[in-house]
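This is what each chain is made of:
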Amino acid sequence: MRHAQTIMCLATTLALGCPGSPGGDETTDGDPGTTTDAATTTSTGEDPGASETAPTTSDSTTAAPTTSGSPSGCGDGALGDGEACDDGNAIQGDGCNNDCQPSGELLAEFRSLVPGTEWIHDVAVTAGGDVIVAGQQGRDRWVAGFDAQLSPQWSQTYSETEWLEVASSVAVKDDAIFVVGSVHAEQPTNPSTAVRKTWIAQLGPTGEVVWEDAWISEFGDSYGTQIAATDDGDLVIAGFMSVSATSTGMFARRYTADGEVLWTASHSMAAEMHAIWPIGPGLAVTPEAVYVGFAVFGMSPSEETLVTFAPGDGAELWSRGLDSFGSSIKGAAAADAGELVVISSGGDPQKIFARRVTEDGDIAWTSNACTGTVGRAIAFDPSGDVVIIGDGPGDVGTNIRLCRFAPDGALKWGKDIDGGEDADLGYAVTIAPGGQIVAGGVMDGGASALDAWLAVYSP
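Residues numbered from 1 in each chain as written. Predicted model: local features only at pLDDT ≥ 70, side-chain atom pairs only at ≥ 80, totals over all residues. Heavy atoms only, no water.

Draft legend 1. Region of the structure containing the sheet that holds strand β17 (residues 303–309). If you trace the four strands from one edge of the open sheet to the other, you get β15-β16-β17-β18, paired in antiparallel fashion. Each edge of the open sheet carries a strand with a single partner, namely β15 (282–285) and β18 (316–323). Put simply, the sheet's adjacent strands are angled 20° from each other on average, direction ignored. In this sheet, β18 lies alongside β17 in antiparallel orientation, the contact comprising six bridges. Looking at β18, one finds that Phe309 is bridged to Glu316. (Pairing = 2+ DSSP bridges. Helix = DSSP H or I, 4+ residues; strand = E, 2+ residues; numbered from the N terminus. Axes fitted to C-alpha atoms, helices over the stretch in contact; angles between N-to-C directions.)

Here it is, written out as structure tokens:
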């Protein structure tokens with residue numbers, strides 16, 4: 001296993017930070033809903049979140065503390081023994097959780113801390129709480145497994161060529177791991193016109209390939225970026241592909257769990273063929289529809305667009321423009337009730353937008369209260385809350401942004417996560433079975449190194 005060092009810390013009170021942390025977490029007291037205009041649609045208030053500095057490196061792993069549940073007086077509004085906070089209610093994620101510990105508290109963290117590049121593009125959590133990541137290690141596709149405390153368990157790389165290959169997204173279903181990414185179909189002489197092919201695979205419990213498929217558009221480039229498991233056991237992937245000799249579109253493609261292709265569908269983005277699409281499109285799957293979103297060009301500015309396909313045969317059901325200010329959808333997630341949320345970024349000045357959308361494409365709310373410039377991933381909490389991740393300007397370079405919204409779009413809390421060097425980017429977020437937030441991305445390691453970053457936060 002390539003990882004030389006891990007950083008691990010577990011916090012149980014507001015004051016307890018990571019061992020050796022130069023600053024730990026700072027939090028904003030009071031009601032986060034009244035700190036800014038976060039409850040107002042298209043709010044432009046400041047992010048009330050904390051500023052968090054990454055801890056110093058350590059070769060040790062700290063075991064999770066043993067707890068006996070919430071303190072006996074938790075929720076009575078009076079700060080008692082064993083309570084870091086007590087806001088008088090049992091609401092999760094409102095700044096003080098129902099165990100009287102702070103919301104958004106760092107519980108565990110991993111950084112690869114090795115020379116070169118390790119980059120987490122997506123995260124998934126198994127029913128047992130293990131964490132699976134997909135990304136890149138050097139120029140190779142990379143998938144790895146961690147336990148719930150983020151101790152590395154296994155790591156696999158996959159390489160077909162000497163050129164850059166990426167594992168972009170990962171999903172888990174029962175005991176199976178499914179991953180999608182891309183490899184170059186030919187030697188890339190020009191990155192903007194390089195031809196790639198989409199790679200999809202089922203992996204065993206320690207990353208061994210069970211089956212795999214690679215395919216390319218009849219017109220050239222095919223770049224897979226997203227994967228989701230359906231309720232009935234199938235898989236849907238999404239990405240970008242050449243839809244003619246001169247233009248690019250977003251696609252969806254459905255597989256059975258054993259790799260049989262059921263259908264492929266696409267929607268033109270009215271853009272000239274351009275092979276560099278580092279993030280997006282967003283993908284969400286419900287029993288009624290497959291939702292894919294990015295943007296349609298050919299107008300100025302481009303229009304943020306959501307497209308739906310029939311789950312049975314891939315027929316396009318409808319497409320709808322959500323915004324015409326130059327933004328594009330980067331991630332999507334579906335709720336049990338059929339509604340979905342999307343994260344997008346763009347505009348002038350560039351901002352992060354979170355939107356809740358009905359199953360028919362009507363916008364229920366929009367917020368840009370999570371301050372930043374690039375939004376990349378979004379997740380639904382079982383309570384109906386929405387968690388997003390991205391990044392924006394920091395004191396030095398770029399910092400990761402992690403924010404939580406109430407079901408009505410009010411910003412509950414936000415965090416500004418600083419790795420201590422230059423460019424820190426938030427790429428992935430999901431919710432663990434216990435409600436914890438699992439986030440991933442990349443942190444600048446200095447000396448031309450990029451570190452894989454993985455962290456777990458309280459709700």
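Now that the structure has been shown, the text picks up again.
Draft legend 2. Looking closely at the pairing of strand β28 (residues 437–446). Within β28, nine of the 10 residues are buried, which leaves the element mostly enclosed by the surrounding structure. Where strand β27 (residues 425–431) and β28 come together, six bridges link them in antiparallel fashion. Bridge assignment links Gly426 to a residue of β28, and that residue is Gly441. Inspection of the sheet shows β28 paired to strand β29 (residues 449–457) by nine bridges, in the antiparallel sense. Residue Gly440 lies in a different strand from β29, and its bridge partner there is Leu454. (Buried < 20%, exposed > 50% of the residue type's maximum accessible area, 1.4 Å probe, protein only.)

Draft legend 3. Layout of unusual backbone geometry. Unusually for a residue other than glycine, Leu150 sits at a positive phi of about 70°. For Leu150, the position within the fold is in the loop between β5 (140–146) and β6 (152–158). Judged by its relative accessible area of 0%, Leu150 is buried. Phi is positive for Asp174, which is not a glycine, with a value near 55°.

Draft legend 4. Spotlight on the state of the cysteines. Enumeration according to the criterion identifies three disulfides in this entry. Note on cysteine connectivity: Cys85 is disulfide-linked to Cys96, with sulfurs 2.2 Å apart. With the S-S bond torsion at 95°, the cross-link from Cys85 to Cys96 turns out right-handed. Linking Cys85 in the loop between β1 (50–53) and β2 (106–111) with Cys96 in the loop between β1 and β2, this pair joins segments that are 11 residues apart in sequence. Cys96 carries the same exposure label as Cys85, and that label is buried. (Disulfide = S-S within 2.5 Å.)

Draft legend 5. Representation of the pattern of salt bridges. Taken as a whole, this structure holds 16 salt bridges when the rule is applied. The closest approach of N and O atoms between Arg141 and Glu165, which form a salt bridge, is 2.9 Å. Linking Arg141 in strand β5 with Glu165 in the loop between β6 and β7 (166–173), this pair joins segments that are 24 residues apart in sequence. For the pair formed by Arg141 and Glu165, the shared burial category is buried. Arg254 is paired through a salt bridge with Asp232; the nearest N and O atoms lie 3.1 Å apart. (Salt bridge = Lys/Arg side-chain N within 4 Å of Asp/Glu carboxyl O.)

Draft legend 6. Expanded view of the sheet that holds strand β4 (residues 131–137). Strand order across the open sheet formed by four strands is β3-β4-β5-β6, with antiparallel pairing between neighbours. Bordering the open sheet on either side are β3 (118–125) and β6, each of which pairs with just one other strand. Each adjacent strand pair in this sheet contributes to an overall mean axis angle of 20°, direction not counted. In terms of strand pairing, β5 meets β6 through six bridges, oriented antiparallel. Paired with Arg141 across the bridge in β6 is Tyr158.

Draft legend 7. Here's a closer look at the environment of Ala144. With respect to the helices, strands and loops of the structure, Ala144 is situated in strand β5. When its relative accessible area of 0% is taken as the criterion, Ala144 is described as buried. Ala144 sits 12 residues away from Gln156 along the chain, and the two C-alpha atoms are 6.1 Å apart. With near-sequence residues (within four places) excluded, Ala144 lies in contact with Val131, Ile132, Val133, Trp154 and Ser155. (Contact = heavy atoms within 4.5 Å.)

Draft legend 8. Molecular detail of the side chain of Asp147. Along the polypeptide, Asp147 turns up in the loop between β5 and β6. At 17 Å, Arg111 is the nearest oppositely charged side chain to Asp147, a buried residue that forms no salt bridge. A distance of 2.9 Å separates a polar side-chain atom of Asp147 from the backbone nitrogen of Ser151. Apart from residues lying up to four places away in sequence, Asp147 is in contact with Gly129, Asp130, Val131 and Gln153. (Lys, Arg positive; Asp, Glu negative; His and termini not counted. Polar contact = N/O pair within 3.5 Å; in protein donor to acceptor, adjacent residues only side chain to side chain.)

Draft legend 9. Geometry of the environment of Asp99. Checked against the element boundaries, Asp99 lands in the loop between β1 and β2. Given the relative accessible area of 32%, Asp99 is considered partly exposed. In this structure, the C-alpha to C-alpha distance between Asp99 and Asp86, residues 13 residues apart in sequence, is 8.7 Å. Within polar-contact distance, the side chain of Asp99 engages the backbone nitrogen of Gln101 at 3.1 Å.

Draft legend 10. Seen up close, the side chain of His267. Its place among the elements puts His267 in strand β14 (residues 261–272). Among the polar contacts listed, one links the side chain of His267 to the side chain of Glu316, at a separation of 3.0 Å. Leaving out residues up to four positions away in the same chain, His267 has contacts with Gly249, Met250, Val296, Val307, Phe309, Glu316 and Ser319.

Draft legend 11. Seen up close, the packing of aromatic side chains. Applying the stated rule across the entire model yields nine aromatic pairs. Centre to centre, the rings of Trp215 and Phe251 are 5.2 Å apart; their planes meet at 85°, and the pair counts as edge-to-face. Of this pair, Trp215 sits in strand β10 (residues 209–215) while Phe251 sits in strand β13 (residues 247–255), and the two are 36 residues apart along the sequence. Residue classification places Trp215 among the buried positions, given a relative accessible area of 10%. (Phe/Tyr/Trp six-rings, centres within 6.5 Å; stacked < 30°, edge-to-face > 60°.)

Draft legend 12. Structural detail: the pairing of strand β20 (residues 340–346). The element β20 is largely enclosed, with a buried count of seven among its seven residues. Burial along β20 is two-sided: Leu340, Val342, Ser344 and Gly346 and Val341, Ile343 and Ser345, pointing in opposite directions, are all buried. In this structure, strand β19 (residues 327–334) lies alongside β20, joined through seven bridges in antiparallel fashion. Within the sheet, the bridge partner assigned to Ser327 lies in β20 and is Gly346. Pairing analysis gives seven bridges linking β20 to strand β21 (residues 351–357), with the strands arranged antiparallel. Considered in β21, the bridge of Ile343 is made with Ala354.

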